[in-house]
Amino acid sequence: MRHAYKWLGLWAVVAVTACGTNPVTKKTEFQFVSQAQEISIGTQNYSPARQSQGGDYVIDPDLTAYVQSVGKRLAVVSDRPDLPYEFVVLNDSVPNAWAMPGGKIAFNRGLLYELNSEAELAAVMGHEIVHAAARHGAKSMERGILLQGAMIAVGIGAQNSNYGNLIVGGAQLGAQLATSKYGRDAELESDLYGMQYMKKAGYDPTAAVTLQETFVRLSEGKQSDFITGLFASHPPSQERVDANKETLAKLGAGGEWGKETYAQKVGKVKATRAAYKAYDDALVALKKGDTATATKLVNQAIAGEPREARFQELLGDIALTQKKPQEALSYYDKAIKMQPDYFKPHIQSGIALFNMGKKAEAEPFLERANALLPTAPGHALLGQIAEGRGQTDVALKHYQTAAGSDSDIGKEAYARAVRIDLPRNPARYIQSGPVADNNGAVYAAVQNGTNVPIGRVQVRMIKYDAKTGRPIAQSRPMIINGVAPGKRSQVAVGETVKTQQELQLYKVVVDAAELAQ
């Protein structure tokens, strides 16, 4: 009971210090993430998240300016107009949009294809602004803090690339935030207040009803692009349609639709839709190993939109698959000149040069790629370059960063890190402790917690006084030979115990270890 009261008292303190009022719903809620933290999280993760999902669509700056103007028109009438809102168009064919804490919002090129008016754009944009204004992303993080004691960032699948599970470091959080799936209540809240923002900004909120009805029909028809995009993170439902109709009845229909303006502003990107469809099909063909079809399709894409850097980059990927690294580099160079601030042609150039043995030339490409989006390949190869120069501490840092990726490259980087660091810090990788058999004979046991085989481990056994807790005896150094990855080995100490309490008076210290030859 004393412990129960202790935790209740602590919880009361947390409840008092963490309570706040939601700026949109005006309801009292737990708030562990402050507005300053929201803004900081969004600012730090906005760029890596965009990098991981195709990068910014830069060919038509007027289109981005148009989307930004609609976003700003809604943001200024929102419940949090003081947030540093930003709006970008991403170069991704999957129909989707997302919002990060602090008002950082992205709108995929693929979703623009599916809308038919500025009011529909405002309906989606208003919905995303509410996610930011109502702290939905922050609340998801707070639930993680409350339930787990820490926020766990996991790598997600980057659209149109094979780099999804290779994202490392802080960029993993950005990728996670960009693909968060909100619950039913958050979606209904975003619809409700988003329609209110539409009305205040002068748009007809009817568009939010008709658009949601369209989404329901598309979801029933199992439209694959929508299922992997907007429907995955913002699932439509008849409940949302009905709720929007109720909101519309209260707000009243009427306002701007902007169909002609939308058609004019989005006309250029819609005119190149076939080119991007050919590119997306080429990606599928290359994944299947059909380089001939992939080449044919990407050349069709280039004919339809010769300014697109992604198309040149894909020709580079095809050449790299065909083991033509010099040819691949020429395509990557074109892609970089077209769009210098997208990570993939940089990392691919670094990989091609590294595999050609031109490690010094590869280094600046890998460093630039990591500055844009840190990945396991980028850090792993930089680690190998540093290790080759004898810069083991630099190499270790790169390997440890790459090891944060749940991938084969991450596992190999971890093994390389262990080979460098285990002889210096054996206890960091080898768990140790006393064990006793059925006869009470005491053994010093070690567990290899790595994916690398260990050859020799030197240990000592220390015995402590039961009353004072001070060490009273110490064994000579003992050697344990051969510990396989994930396995345990032991050596007899020459002591016996009768109880577990006696065994707890022993401690095993790992003094040194060598990797298996």
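Provided above is the structure to which this section pertains.
Throughout what follows, the structure given in this document is the object of discussion. (Residues numbered from 1 in each chain as written. Predicted model: local features only at pLDDT ≥ 70, side-chain atom pairs only at ≥ 80, totals over all residues. Heavy atoms only, no water.)

Considerations on the pattern of salt bridges
- Tallying each qualifying case throughout the model produces 23 salt bridges.
- A salt bridge links R240 to D191; the shortest N-O distance between them is 2.7 Å. Of this pair, R240 sits in helix 12 (residues 238–251) while D191 sits in helix 8 (residues 184–201), and the two are 49 residues apart along the sequence. Each member of the pair, R240 as well as D191, is classed as buried.
- In this structure, the salt-bridge partner of R389 is E363, at a minimum N-O distance of 2.5 Å. Of the two residues, R389 sits in the loop between helix 20 (376–388) and helix 21 (392–402) while E363 sits in helix 19 (residues 359–372), which places them 26 residues apart along the sequence.
- A residue is classified by how much of its surface remains accessible, and E363, at 17% relative accessible area, is buried. (Salt bridge = Lys/Arg side-chain N within 4 Å of Asp/Glu carboxyl O. Helix = DSSP H or I, 4+ residues; strand = E, 2+ residues; numbered from the N terminus. Buried < 20%, exposed > 50% of the residue type's maximum accessible area, 1.4 Å probe, protein only.)

Examining the side chain of H398
- Tracing the chain through its elements places H398 in helix 21.
- Among all residues touching H398, those that are not within four sequence positions of it are H379, L382 and G383. (Contact = heavy atoms within 4.5 Å.)

What about helix 2 (residues 35–51)?
- The terminal C-alpha atoms of helix 2 lie 25 Å apart, and with 17 residues this matches the ideal 24 Å at 1.5 Å per residue to within 8%.
- Along helix 2, the sharpest kink reaches roughly 40°, centred on N45 and followed within four residues by the proline P48.
- Considered for burial, the residues of helix 2 that qualify are E38, I41, G42, N45, Y46, P48, A49, R50 and Q51. (Expected span 1.5 Å × (residues − 1). Bend = angle between axes of the 7 residues up to and from the residue.)

Some words on the nonpolar core
- In this structure, L74, F107, L112, L121, M125 and I129 are the most contacted members of the largest nonpolar core, which totals 64 residues.
- In terms of residue count, the dominant contributor to this core is helix 5 (residues 118–133) (nine residues).
- Among all residues touching L112, those that are not within four sequence positions of it are L63, V67, V89, F107, L121, Y262, V266 and K270.
- Counting residues in each nonpolar core, the second largest holds 25 residues, with L422, V452, M461 and V508 among its members. (Core = buried A, V, L, I, M, F, W, Y, C linked by side-chain atoms within 4.5 Å.)

Structural notes on the packing of aromatic side chains
- Overall, the coordinates contain seven aromatic pairs when judged by the stated rule.
- Look at Y276 and F311: their rings are 5.2 Å apart centre to centre, the planes differ by 55°, and that puts the pair in the tilted class. A residue pair is termed long-range when its members are at least 10 positions apart, and Y276 in helix 14 (residues 273–287) and F311 in helix 16 (residues 309–321) qualify at 35 residues. Residue Y276 shares its accessibility class with F311, and that shared class is buried.
- Relative to F311, the ring of Y279 has its centre 5.2 Å away and its plane inclined at 45°; by these criteria the two rings are tilted. Of this pair, Y279 sits in helix 14 while F311 sits in helix 16, and the two are 32 residues apart along the sequence. For the residue pair Y279 and F311, the accessibility class agrees, reading buried in each case.
- Cluster of aromatic residues (ring-pair linked, three or more members): Y57, Y276, Y279 and F311.
- Sitting over the face of the ring of Y203, R73 holds its NZ or CZ atom 4.0 Å from the ring centroid.
- A cation over a ring is seen here: K259 above W257, with NZ or CZ 5.4 Å from the ring centre. (Phe/Tyr/Trp six-rings, centres within 6.5 Å; stacked < 30°, edge-to-face > 60°. Lys NZ or Arg CZ within 6 Å of the ring centre and 35° of its normal.)

A few points about the sheet that holds strand 7 (residues 441–448)
- Taking strand neighbours across the sheet as the criterion, the three strands line up as 6-7-11 in an open arrangement whose pairing is antiparallel. Every other strand in the sheet has two partners, leaving strand 6 (430–436) and strand 11 (488–496) as the edge strands with one partner each. The mean angle between the axes of side-by-side strands here comes to 20°, regardless of whether they run parallel or antiparallel.
- Looking at chain direction, strand 6 and strand 7 are connected through seven bridges and run antiparallel. Looking across to strand 7, one finds that P434 is bridged to A444. (Pairing = 2+ DSSP bridges. Axes fitted to C-alpha atoms, helices over the stretch in contact; angles between N-to-C directions.)

With respect to the packing of helix 14 against helix 16
- The contact between helix 14 and helix 16 brings their axes to 11 Å, and the two run at 20°. By the angle between their directions, the pair helix 14 and helix 16 is classed as roughly parallel. Every pair of crossing elements has a handedness; the one defined by helix 14 and helix 16 is left-handed. For the pair helix 14 and helix 16, contact is made by A275, Y276, Y279, A282, L283 and L286 and by R310, F311, L314, D317, I318 and T321, respectively.
- Here the contact of helix 14 with helix 16 is composed, by residue class, of nine nonpolar, one polar and two charged. (Parallel < 35°, antiparallel > 145°, perpendicular 65-115°, else oblique. Left-handed = near helix turned anticlockwise from the far one by under 90°. Nonpolar A, V, L, I, M, F, W, Y, C, P; charged D, E, K, R; others polar.)

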